[in-house]
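Notes for the structure review
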Amino acid sequence: MLWLKNARVIDPAQGVAGIMDLAARDGRVLSVGRDIAAGLPDGETAEVIDCAGKYLFPGLVDVHVHLREPGQEEKEDITSGSRAAVRGGVTSLLCMANTEPVIDNQALTALVADRGRRAALARIYPLAAVTKGMAGAELTEMAELKASGAKGFSDDGRGVQNGEIMRLALEYAKLTGCPIVSHCEDAALAGGGVMRRGRASAARGLIGIPGAAESVMAARDVLLAGETGGRLHLAHVSTQGTLAALRAGKAAGWDITAEVNPHHLILTDEDVPLTNSNFKVNPPLPTAEDRDALLAALADGLIDMLASDHAPHTWEEKARPFAEAPFGMTALETALAAVWTYLVRPGKLTAARLIDAYSRRPAERFGLEAGTLKPGAPADMILFDPDWEETVSADNMASKSANTPFLGRRLRGYPIKTWVGGRLVFDRLAQPPV
Ligand code: DOR
Ligand code: ZN
């Protein structure tokens, strides 16, 4: 038995926040509360950990991760990505289908799920593609893909340009009960842009992507979700236009959720250096006005959840000139620390809302058994030290790639132990690391 004492437990699913003990046995939470010793089985030996001054959170559930396997293992693979996940406090994740080849058939979906189980760190669930080869023309066999382990469907990396294909996808996905995860990007509007269009792109002489490239497709997909009754999840929301569409769709009672990524809450287009393509991401870093609106929407629940959009790329690719480097940032190992440092610590977001948005709500939306420390739940949890400081460095990352804009920054507030199913899978204090 594992007995964690005097932790500051935050578990929004139970409406719990306070100093408590938690006991876990056989991979599951046994009890949680203020004085649980009386209820524990007699004569059992327990590993006791004093957690005074630390938080105990349910493990994070990250619905937007690029693990790059199969096909791009030089950037990341399922094992390295799983290690990065548990270092960042992520105990369950959904991985994207834009691999090589694309995860659009049963064999590949099952393979990814199986390799995730074999890595035996975080719980890995595949999202399968919406269209074959992500070519945007022909739908995948969604019911079969679900039977092979897919938890949802997404062509993330590009938008589904054809509205009729998206309408059909939302219609068919109803039969599976799974969400369609939309990367909202109108390719014609996005043009060849490399950062957000506006004052900052003009000042740098870089081609801009107008906010409308995202908002227009978000509005379309919201309306299609309304018309079909399908389940829609908007990935990486980054504009006020998308927020307007989301607000209208939710007010109408349609089955829509949305996520925002930490970088879109912390950085803006003004932060983009011409010489550092680690700031190049799609959708691009927002204007300050959009960034503020995104934060307000996350705080008040219009945006349901946080997700990292961990998108590893090799050093060589990111060393190209800004306009030619690929879009994407790594984030699994920094997401929680960055949000804590830049949002929770200065009082812009509460710890309870952070855990609600990065654990409870994503688990609920995608039907995962996770996101809570209720008795009987899997003992997926993180011990979090709000004062642990580290400088973000390529040297101490588990990911194969280190293309994060936070390199060199000192972040404060890190997970120090991560358990999955009651098993310690990461210990920041151990040498060599667990
Ligand atoms: O920046 C991004 N990188 N945005 C995406 O939509 C795809 C991702 C990737 O796969 O690298
Ligand atoms: Zn995307």
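Quick note: structure is the one above.
The shown structure was predicted, so the numbers you read here are calculated from the model rather than taken from an experiment.

**A short note on the pairing of strand 7 (residues 90-95)**
Counting buried positions over the six residues of strand 7 gives six, a clear majority of the element. Two strands pair when backbone bridges link them, and strand 6 (residues 60-65) and strand 7 are joined in this way by four bridges, in the parallel orientation. Bridge pairing in strand 7 links D62 to L93. What joins strand 6 to strand 7 is helix 1 (residues 78-87), and the crossover it makes is right-handed. Bridge count between strand 7 and strand 8 (residues 123-126): four bridges; the pairing is parallel. Looking at the pairing, L93 lines up with I124 of strand 8.

**Here's the deal with the coordination of the zinc ion (ligand 2)**
Geometry sets the ideal angles at a metal, namely 109.5 degrees for four tetrahedral donors and 90 or 180 degrees for six octahedral donors. Binding of the zinc ion (ligand 2) to the protein goes through D156 (OD), H183 (ND1) and H236 (NE2), at separations of 1.9 to 2.3 Å. In this structure, the zinc ion (ligand 2) is surrounded by four donor atoms whose angles at the metal cover 83 to 127°, and the resulting shape is irregular. Of note, the zinc ion (ligand 2) draws all its donor residues from one chain, in the sequence arrangement D-x26-H-x52-H. With D156 in the loop between strand 9 (153-154) and helix 4 (163-176) and H183 in the loop between strand 10 (180-182) and helix 5 (187-190), this pair connects stretches of sequence that are 27 residues apart. H183 shares its class with D156; the two are buried.

**What to know about unusual backbone geometry**
Cis rather than trans, the peptide bond between E69 and P70 has omega equal to 5°. The topology assignment puts P70 in the loop between strand 6 and helix 1. Cis geometry marks the peptide bond from E100 to P101, where omega comes out at 0°. Within the secondary structure layout, P101 lies in the loop between strand 7 and helix 2 (106-119). Residues other than glycine seldom take positive phi values, yet R68 does so here, at roughly 70°. With respect to the helices and strands, the residue R68 is situated in the loop between strand 6 and helix 1.

**A few points about the pattern of salt bridges**
For the structure shown, the criterion picks out 29 salt bridges. Among the ionic pairs, K132 bridges to E138, the shortest N-O distance being 3.2 Å. Residue R345 is joined to D387 by a salt bridge in which the shortest nitrogen-to-oxygen separation is 3.4 Å. A residue pair is termed long-range when its members are at least 10 positions apart, and R345 in the loop between helix 12 (335-344) and helix 13 (351-365) and D387 in strand 16 (residues 381-391) qualify at 42 residues. Overall, R345 belongs to the partly exposed group, its relative accessible area being 36%. Sharing partners across several salt bridges, the network here consists of K250, D304, R353, D356, R360, R361 and E364.

The rules behind each value
- The numbers attached to residues start from 1 for each chain and follow its sequence in the written order.
- The lettering of chains begins at A and the numbering of ligands begins at 1, in the order of writing.
- Owing to the predicted nature of the model, reporting of local features is limited to residues with pLDDT of at least 70; listing and counting of side-chain atom pairs is limited to 80 or more, with chain, interface and lining totals taken over all residues.
- Side-chain measures here rest on the full set of heavy atoms in the structure, leaving out hydrogens and waters.
- Whether a residue is buried, partly exposed or exposed follows from its accessible area with a 1.4 Å probe, protein chains only, as a fraction of its type maximum: under 20%, in between, or over 50%, in that order.
- The way it works is that DSSP assigns letters per residue, a run of H or I at least four long becomes a helix, a run of E at least two long becomes a strand, and they are numbered from the N terminus.
- At least two DSSP bridges between two strands are required for those strands to pair.
- Throughout, right-handed denotes a crossover for which the path from the first strand over the helix to the second runs clockwise when the strands point away from the viewer.
- Only nitrogen, oxygen and sulfur atoms count as donors, using a 2.8 Å cut-off from the metal that widens to 3.2 Å for Na, K and Ca. Water is left out, so coordination shells may look unfilled.
- Square planar and octahedral assignments, for four and six donors respectively, both demand that opposite donors be over 155 degrees apart and that all other angles lie between 65 and 115; tetrahedral needs four donors with all angles between 85 and 135 degrees, and anything else is irregular.
- Salt bridges are counted wherever a side-chain nitrogen of Lys or Arg sits within 4 Å of a carboxyl oxygen of Asp or Glu.

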